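# Notes for the structure review
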Amino acid sequence: MYRENYINALRNELLEMVERHLSPVARQYDYSEVPLETNIKWRPQVLVLGNYSSGKSTLINDLLGAKVQATGQAPTDDSFTVITYDESDEPDTPIIAVTEERDGKYLLNDAEYPFESLKKHGERFSAHFRLKKVNSPFLRNLAIIDTPGMLDSITERDRGYNYQEVIGDLAQIADLVLILFDPHKAGTVREAHTSLRDTLPARTFEDRVLFVLNRIDECHSLIDLLQVYGTLCWNLSQMTGRKDIPTIHLVYSKQAAENSRQLHNTLDTGYLRYLGNQRDVLKKAVMNAPQYRLDNLASFVETHGERLSHLLEALISYRRKRNRYRTRQTFMGLLGGIIVGTGAFIGALVSGLAGGFDPQFLIIGGGLVAVLFFLGWLLIVMPYFTSRFHEKQLLQLDQLTPLNSQTRQDNWYAVRQKLELFLRKTEGKFSLSEAKAAFSSLRNLCDNGTREVREALS
Ligand SMILES: Nc1nc2c(ncn2[C@@H]2O[C@H](COP(=O)(O)OP(=O)(O)OP(=O)(O)O)[C@@H](O)[C@H]2O)c(=O)[nH]1
Ligand SMILES: [Mg+2]
């Protein structure tokens, strides 16, 4: 109990950091369309990804202890399903079942859920997003998200929404991501390849991802299994760009294995005896998702804090350059005004046009010409030059801040586009002092804020 209270206190502290320090800055500088805390205030989540028919839904049903999700050979389910506990249900109801179903519109718009930021994926996504409440005790402390299988042939246009982006966004919210493969597609399919190579690394932290080779009972022999395992290892290293092989959990569903043994009684699955079934290890890992939560929250604060402060650093650098440029331009306008004014004065004297005028009047005339020139410069010439300067800066954004480490480069590529959009929207007109104040408060948060929580966690 004490431990639970302590964890809750830490969790609230982190949430408050986000609400008070990160979110307002994120909204002000268009880093995030919705308050950042919407992503983290809900219960811990486990995201289940994988090739089509790799057994995602079967695994989820096994965990829940009921047939909640449809299963079947060939691509079966093209929806994202959030499966969560029904708090309102009577405890210890004997039959585990779906007690309530809601559609994507509800799930995307109800502030109780952390999916507001997925609204941007549009109607087609909303039509493929749904909520199921289930009274399974397994869900008391977590929610599971089942996903459509990754496919070879379907292009993004066919799905009608950007699948990679959606799983990227969900992976960012999730505390644990399971990625399932099966022996039939250990070569993996194209979407899995793209997701693992381009989308997930930027959005998740490595210790949050578990690789699973499922349906191993369907290998014809131990040699077959070893070949499948080798192929998958090779493909994973190609996809993740890593030389070391992550742990791959070897699992199968006892019930499904039994069914397929009855269908194809030629399968010699004697080798399974030697491997055991890591299904239980997987189950434990899923049940531990709430423990990852705090760590993920701390990482969430650190990552967004660093990215936002990089964005502000670039904005401040832009603004300083712009100020210097405008100061130079003003000075040139002033100098131009003096030269033109003096020229007008001397010209009038030399050309004799001023015959009969009081020299004092000529000086005032020269001054007037200088002021008019300066005003014209300020109101017409300078805005033109400033907008050219602005366009030029937009083309060389990478030069705004040093990118001398991999972390800085990663942070930069995560915010570069947001910065460009913000600069285009504001045309570079924003308060430097406000940006500086936000930057120093963020630095303080990054350097000191999460340290206490990290110490507590370790
Ligand atoms: N032999 C065997 N069959 C399995 C296993 N797990 C799942 N299956 C079968 O494989 C088929 C696909 O399983 P699903 O759970 O529907 O797979 P999925 O990944 O949810 O598929 P999609 O939703 O279409 O992407 C079903 O017919 C299951 O019965 C397993 O461990 N062993
Ligand atoms: Mg499924």
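Residues numbered from 1 in each chain as written. Chains lettered and ligands numbered in written order. Predicted model: local features only at pLDDT ≥ 70, side-chain atom pairs only at ≥ 80, totals over all residues. Heavy atoms only, no water.

## Describing the packing of helix α11 (residues 279–287) against helix α12 (residues 289–351)
α12 packs onto α11 with a crossing angle of 45° between their chain directions and a minimal axis gap of 5 Å. If you check the angle between α11 and α12, you find them oblique. Between α11, through Ala-285, Val-286 and Met-287, and α12, the contact on the second element is made entirely by Ala-289, Pro-290 and Tyr-292. When its residues are assigned to classes, the contact of α11 with α12 shows six nonpolar, no polar and no charged. (Axes fitted to C-alpha atoms, helices over the stretch in contact; angles between N-to-C directions. Helix = DSSP H or I, 4+ residues; strand = E, 2+ residues; numbered from the N terminus. Parallel < 35°, antiparallel > 145°, perpendicular 65-115°, else oblique. Contact = heavy atoms within 4.5 Å. Nonpolar A, V, L, I, M, F, W, Y, C, P; charged D, E, K, R; others polar.)

## Focus: the packing of helix α2 (residues 56–64) against α11
Two elements in contact, α2 and α11, have axes separated by 11 Å at closest approach and are oriented at 75°. Relative to α11, the element α2 lies roughly perpendicular. Counting all contacts with α2, which are made through Thr-58, Leu-59, Asp-62 and Leu-63, the residues of α11 involved are Arg-279, Leu-282, Lys-283 and Val-286. Looking at side-chain class alone, the contact of α2 with α11 contains four nonpolar, one polar and three charged residues.

## Notes on the site of ligand 1
Surrounding ligand 1, one finds 25 residues, the nearest of these being Lys-56, Thr-58, Thr-76, Asp-217 and Ser-253. At a separation of 3.5 Å, a nitrogen atom of ligand 1 approaches a polar side-chain atom of Glu-218. Within the complex, 93% of the 650 Å² of free accessible area of ligand 1 lies under protein. Mapped onto the shell around ligand 1, the elements with two or more residues apiece are α2 and α9 (254–263). Taken together, the residues of the shell around ligand 1 break down into six nonpolar, 14 polar and five charged. (Near = heavy atom within 4 Å. Polar contact = N/O pair within 3.5 Å; in protein donor to acceptor, adjacent residues only side chain to side chain. Areas by Shrake-Rupley, 256 points an atom, 1.4 Å probe, with all protein chains shown as cover.)

## Points about the pairing of strand β2 (residues 80–85)
Most of β2 sits out of view: six of its six residues are buried. Both β2 and strand β4 (residues 129–134) contribute to a ladder of six bridges, which runs parallel. In the strand pairing of β4, Thr-84 is matched with Lys-133. As judged from the three bridges shared by β2 and strand β5 (residues 143–146), these two strands associate in the antiparallel manner. Note on β5: the bridge partner recorded for Val-82 is Ile-145. (Buried < 20%, exposed > 50% of the residue type's maximum accessible area, 1.4 Å probe, protein only. Pairing = 2+ DSSP bridges.)

## With respect to the packing of aromatic side chains
Within the structure shown, the criterion is met by 17 aromatic pairs. Summarising the aromatic geometry, the rings of Tyr-325 and Phe-389 are spaced 4.5 Å apart at their centres and angled 20° between planes, so their arrangement reads as stacked. Placement of Tyr-325 in helix α12 and of Phe-389 in helix α13 (residues 359–395) is noted, with a sequence separation of 64 residues between them. You can call Tyr-325 buried: its relative accessible area is 15%. (Phe/Tyr/Trp six-rings, centres within 6.5 Å; stacked < 30°, edge-to-face > 60°.)

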